[in-house]
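Listed here are the chains, written in short residue letters.
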2 protein chains.
Amino acid sequence: MGKFLTSRSEDYSQWYNELVVKAGLAEQSAVRGCMVIKPYGYAIWEKMQRQLDNMFKETGHYNAYFPLLIPKSFFSREADHVEGFAKECAVVTHYRLKNDPNGAGVVVDPAAKLEEEYIIRPTSETIIWNTYKNWIQSYRDLPILCNQWANVMRWEMRTRIFLRTAEFLWQEGHTAHATKEEAIEETMKMIHVYEQFAREWMAMPVIMGHKSDNERFAGALDTCTIEALMQDGKALQAGTSHFLGQNFAKAFDVQFTDKSGKLEYVWATSWGVSTRLMGALIMAHSDDNGLVLPPKLAPIQVVIVPIFKKSEGLQKISERVDPLIAKLKAMGVSVKFDDDDTQKPGWKFAEYELKGVPVRLAIGERDLENGTIEVARRDTLTKETLPIEGVEEKIVTLLDEIQQNIYKKAYDFRESMITKVDDYEEFKKLIETKGGFFLCHWDGTTETEEQIKADTKATIRCIPFDGEEEEGKCMVTGKPSHRRVLIAKAY
Amino acid sequence: MGKFLTSRSEDYSQWYNELVVKAGLAEQSAVRGCMVIKPYGYAIWEKMQRQLDNMFKETGHYNAYFPLLIPKSFFSREADHVEGFAKECAVVTHYRLKNDPNGAGVVVDPAAKLEEEYIIRPTSETIIWNTYKNWIQSYRDLPILCNQWANVMRWEMRTRIFLRTAEFLWQEGHTAHATKEEAIEETMKMIHVYEQFAREWMAMPVIMGHKSDNERFAGALDTCTIEALMQDGKALQAGTSHFLGQNFAKAFDVQFTDKSGKLEYVWATSWGVSTRLMGALIMAHSDDNGLVLPPKLAPIQVVIVPIFKKSEGLQKISERVDPLIAKLKAMGVSVKFDDDDTQKPGWKFAEYELKGVPVRLAIGERDLENGTIEVARRDTLTKETLPIEGVEEKIVTLLDEIQQNIYKKAYDFRESMITKVDDYEEFKKLIETKGGFFLCHWDGTTETEEQIKADTKATIRCIPFDGEEEEGKCMVTGKPSHRRVLIAKAY
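Per-chain numbering applies: the sequence of each chain, read as written, is numbered from 1 onward. As they are written, the chains are lettered A onward and the ligands numbered 1 onward, keeping that order. Predicted model: local features are reported for residues with pLDDT of at least 70 only, side-chain atom pairs are reported and counted for 80 or more only, and whole-chain, interface and lining totals are derived from all residues.

1. Points about the overall build of chain A
Across its full length, chain A holds 13 helices and 27 strands. Counting all 491 residues of chain A, 48% fall into the buried class. Two residues qualify as being in contact provided that their C-beta atoms, derived from the backbone, are within 7 Å of each other. Once local pairs closer than 6 in sequence are excluded, the contacts in chain A between residues at least 24 apart make up 68%. A run of H or I in DSSP counts as a helix once it spans at least four residues, and a run of E counts as a strand once it spans at least two, with each numbered from the N terminus. Put simply, a residue is buried when 20 or more other C-beta atoms lie within 10 Å of its own C-beta and exposed when 12 or fewer do; between those, it is partly exposed, and each C-beta is set from the backbone.

Here you go:
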């Protein structure tokens, strides 16, 4: 089946690009750097959204919607934020087109120039904190635990479907709190929600930690991240949660009266994940035959391919599998029965492998005689013939097993790719030859961080939450260090 | 409770504006003509979305996502479409800001001017049909039954929250078919889905019909609409479904090989509803005390207000209602127990009336002794005291009854506001004094339609599907007419 795709070992990047398009997930659009998310890809994103939204609501959050456009002046209000965000973004300057007097279609009407330009939101802290100003007077108005599902735009120079696109879909939580402690707790709570989602739903182990000063979100006092490892040994930042201190409250003058009657600035967090998770999902698990989807996120969990010669054969098979389909659906399994008679079974097998359907059932006329059905799993590419009677129970168990196996495989790979290194020369060698995550001592300075990046293109992914205190020396400068940090080349 | 709101009879428009803000549904933003949808309003919209999405999927549709921005030149491709849409819209001309050399924040970088400007989508036919060109080669690729949930932008001069805003949220279905018949069938199917949603979920009766040539969507051969009647006697177009013929296929050169091997242009439909439905929902049912929400769309269906003096009282009440809450939740009812001790019961009663919670339960210490609970319904503002034992069954029945009653009330009002008129002078009088829907004969010309509008501000809302053939004379020109059309002033 390798005929469909460039193999990972041949060219990982090419494999990814081909897979995204051939599996029907997404494609480039006519707009620079923007993608079209195709139905099959969007169905996976919807499953992610639904589950994340449930998890947000279970932790007390609710949704709202804020404007797409942000007045230009808002970006200048928070000094660090403007440095980080106001640069590469789409600017709306006019609000009308008119017919070209020379008949060449439509042109921008110069008379319809805006007094103040608008920016298409690259992130919404500014417009949201400008709104919260009116929502918050007293401690009784706090906390605010809002989330927004939205599109955002950043005029990236180099784009890659799902991983870095000019427009992408995401959720952005923006919370407001009466105390610093509560805001820090919220920041931590949400990075843990992301970790749980990655682990339980995407079957993707991640390392949680704090970003270094240099890699922090523009305007944050602390940025927490989840870092995943892709099969080519590169890291991918899959979600972030920011403790924003009182920076945005001060920039937009959002104060509240506390219980003692004192006026205080509000404490803030923000947190988000995006369609980038689609890229992470694809690159974490898939193989040279195509996608490998964890059952919990697969739009089709089970496909049934009938093997028949004549329409009577199909008729008999249909009668046999109809009750099975009904039972599986009743057990909450999404099933597709592919009775298209214009494609051969072999073509269908390859197609559903490419699309990452976790379980494939095949049933032919001999199976009817024997009362059997062939059960193939996508993750291991193994198959066995089972009695059709009671197979639905086995399938439900199998889906669970596949979910766990995909996670275990990713976890074992990740563990095998974490290397402790104390010598900078060795680090420089291994980051090229082995890749993956490195745990190293670092002196905590931005200068050293930048030197590592200049020498190797690797960056400090995070200072892991679960890192142990350990006395050591920075591998670059030899200065003292108290814990190891996670370093990798990253997407 | 009238103290909260301007009454409808006093100033309907003011009543609406106040209600939207005071019930916590939405508010104006810092961006011209754009609203912030607040958590309570968004929760209603989410319920609408969820149900509509289910109905779309049950009718074979799936979701996808297309770019926010559209290259300016795309608008010139379909001649009628450009006339209708390319005028008042947000234009992106630059992709970078820079620090003002004079230190006054950020300015647009003149070096970062786009070669071709982009338009923020006012609707997505052009970008989607440009994409479909690559998806469709053969009849096997058809039909395409895509829907998109998205934000869109139209630079409206006069805006009104939910009813007409520069940015709004909507869904837009865009389907592609091999035959004209199939596309027409799809157009009709979707306007019926909208009608069913309005009736069963919004408790809002609507009249389905075709738009006149003049009111048709830019680029469509036929536009079907659902028209609702608001309490002030004005019509509101709540959803549309368009048969686009081969116009967009021709504009974007989308052809397919049919079964006989012949190359044909693809047939298209598009259909959409938006956050405008929120405005319709509010204006169709609410009263001078606040929102009246149909139970199926109410974020909180039942609120329980404890009436107590001391915390021991609250404790006893909690113990009594906890099992009731559990039972209601198990039956799928969303319940809120408002044990906030900083607000008085009277304040809470008014607050939940304002927010349109369908059922309010109140329980005091005397109820504990008597084994009773007070059940108040929002739609009729009536209340009764019932035994608490088994009250959950009654509540579930009551929610259903309220849903039906709200529909019936709106239906009866609508029926009382449909007037058949044959004389133009009478029409001109009644449209001012009575308002509502008018069924009149019309000669079918745009000139007459425009005269009616110029004389009365009323427009032809639709040519109803269920209108009977009836010979008559146009009330304006006296020319022959074969059926009555629906005329009203509209939002």
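Here the narrative resumes, following the displayed structure.
2. Some thoughts on the pairing of strand β23 (residues 437-441) of chain A
Residues and elements named next belong to chain A. Counting buried residues along β23, four of its five residues qualify, which places the element largely inside the surrounding structure. As paired elements, strand β22 (residues 418-420) and β23 share three bridges and run parallel to each other. Paired with Lys420 across the two strands is Leu439, which belongs to β23. The handedness of a crossover follows from its direction of travel: if, with the strands pointing away from the viewer, the path from the first strand over the helix to the second runs clockwise, the crossover is right-handed. A crossover links β22 with its parallel partner β23, the connecting element being helix α12 (residues 424-433), and its sense is right-handed. Two strands pair under a simple rule: DSSP has to find at least two bridges between them. Pairing between β23 and strand β27 (residues 484-488): four bridges, direction antiparallel. The partner of Leu439 across the bridge, within β27, is Leu486.

3. Observations regarding the nonpolar core
Formed by 297 residues in total, the largest nonpolar core has its most connected members in Ala228 of chain A together with Ala228 of chain B. Residues within four places of Ala228 of chain B in sequence aside, it is in contact with Ala198, Met204, Val206, Ala235, Leu236, Ala238, Ala280 and Ala284 of chain B. The nonpolar core is taken to be a set of buried Ala, Val, Leu, Ile, Met, Phe, Trp, Tyr and Cys residues joined by way of C-beta atoms within 7 Å.

4. A word on helix α9 (residues 345-354) of chain A
Residues spaced three or four apart along an α-helix face the same direction, because each turn holds 3.6 residues. Residue and element names in this part refer to chain A. Buried within α9 we find Glu351, Tyr352 and Glu353. The inward-facing, buried residues of α9 contact β17 (302-307) and β19 (359-364). Looking one or two residues beyond α9, the residue adopting positive phi is Gly356, at roughly 75 degrees.

5. Concerning the sheet that holds β27 of chain A
Residues and elements named next belong to chain A. With mixed pairing, the eleven strands of this open sheet are ordered in space as β3-β9-β10-β16-β13-β12-β11-β24-β27-β23-β22. Each edge of the open sheet carries a strand with a single partner, namely β3 (62-63) and β22. Pairing of strand β11 (residues 206-210) with strand β12 (residues 222-229), which is carried by five bridges, proceeds in the antiparallel orientation. Note on β12: the bridge partner recorded for His210 is Cys224.

6. Details of the relation of the copies chain A and chain B
C-alpha atoms of residues with pLDDT of at least 70 in both copies form the basis for the least-squares superposition of the copies. You can overlay chain A on chain B at an RMSD of 0.0 Å; the transform is a turn of 180 degrees with a shift of 0.0 Å along its axis. Put plainly, the chains are arranged around a two-fold axis. Of the C-alpha atoms belonging to chain A, the one lying closest to the rotation axis is found on Val92 of chain A, 2.1 Å away. A high fraction, 100%, of the interface residues of chain A reappear at the interface in chain B, so the copies pair face to face through one surface.

7. A look at the interface of chain A and chain B
On the chain B side, the residues contacting the 51 residues of chain A number 51 residues. Gly falls in the polar group here, along with every residue not listed as nonpolar (Ala, Val, Leu, Ile, Met, Phe, Trp, Tyr, Cys, Pro) or charged (Asp, Glu, Lys, Arg). Here the residues of the side of chain A that touches chain B are counted per class, giving 33 nonpolar, ten polar and eight charged. Two elements, strand β5 (residues 91-94) of chain A and strand β5 (residues 91-94) of chain B, share three bridges in a ladder whose sense is antiparallel. Across the sheet, Val91 of chain A pairs through a bridge with His94 of chain B, a residue of β5 of chain B.

8. Here we look at the sheet that holds strand β17 (residues 302-307) of chain B
Residues and elements named next belong to chain B. Overall, mixed pairing links the five strands, which are arranged β18-β17-β19-β20-β21 in an open sheet. For this open sheet the edge positions go to β18 (335-337) and β21 (383-387), each flanked by a neighbour on one side alone. For this sheet the average axis-to-axis angle between neighbouring strands, irrespective of direction, equals 25 degrees. Both strand β19 (residues 359-364) and strand β20 (residues 372-377) contribute to a ladder of four bridges, which runs antiparallel. Bridge pairing links Ala362 to Glu374 in β20. Interaxial angle, 0 to 180 degrees, is taken between N-to-C directions of lines fitted to C-alpha atoms, where a helix line uses only the stretch in contact. The strands that helix α8 (residues 311-330) touches are β17, β18 and β19; relative to β18, the one it contacts most, it runs at about 170 degrees. Across the sheet, helix α9 (residues 345-354) lies against β17 and β19, angled at about 170 degrees from β17, the strand it touches most.

9. Comments concerning unusual backbone geometry
Residues and elements named next belong to chain A. In this chain, Leu142 is followed by Pro143 through a cis amide linkage whose omega measures -5 degrees. If you trace the backbone, Pro143 turns up in the loop between α4 (125-135) and β9 (144-153). For Phe162, which is not glycine, the phi torsion reads 70 degrees and is therefore positive. For Asp253, which is not glycine, the phi dihedral falls at a positive 55 degrees. Checked against the element boundaries, Asp253 lands in the loop between α6 (247-251) and β14 (255-257). By the C-beta count within 10 Å, which is 11 here, Asp253 ends up exposed.

10. Re the domain arrangement of chain A
The domains assigned to chain A are domain 1 (2-69 + 125-285), domain 2 (300-396) and domain 3 (418-488). One C-alpha centre belongs to domain 2 of chain A, the other to domain 3 of chain A; they are set 50 Å apart. The split of the chain into domains comes from an automatic or database domain assignment.

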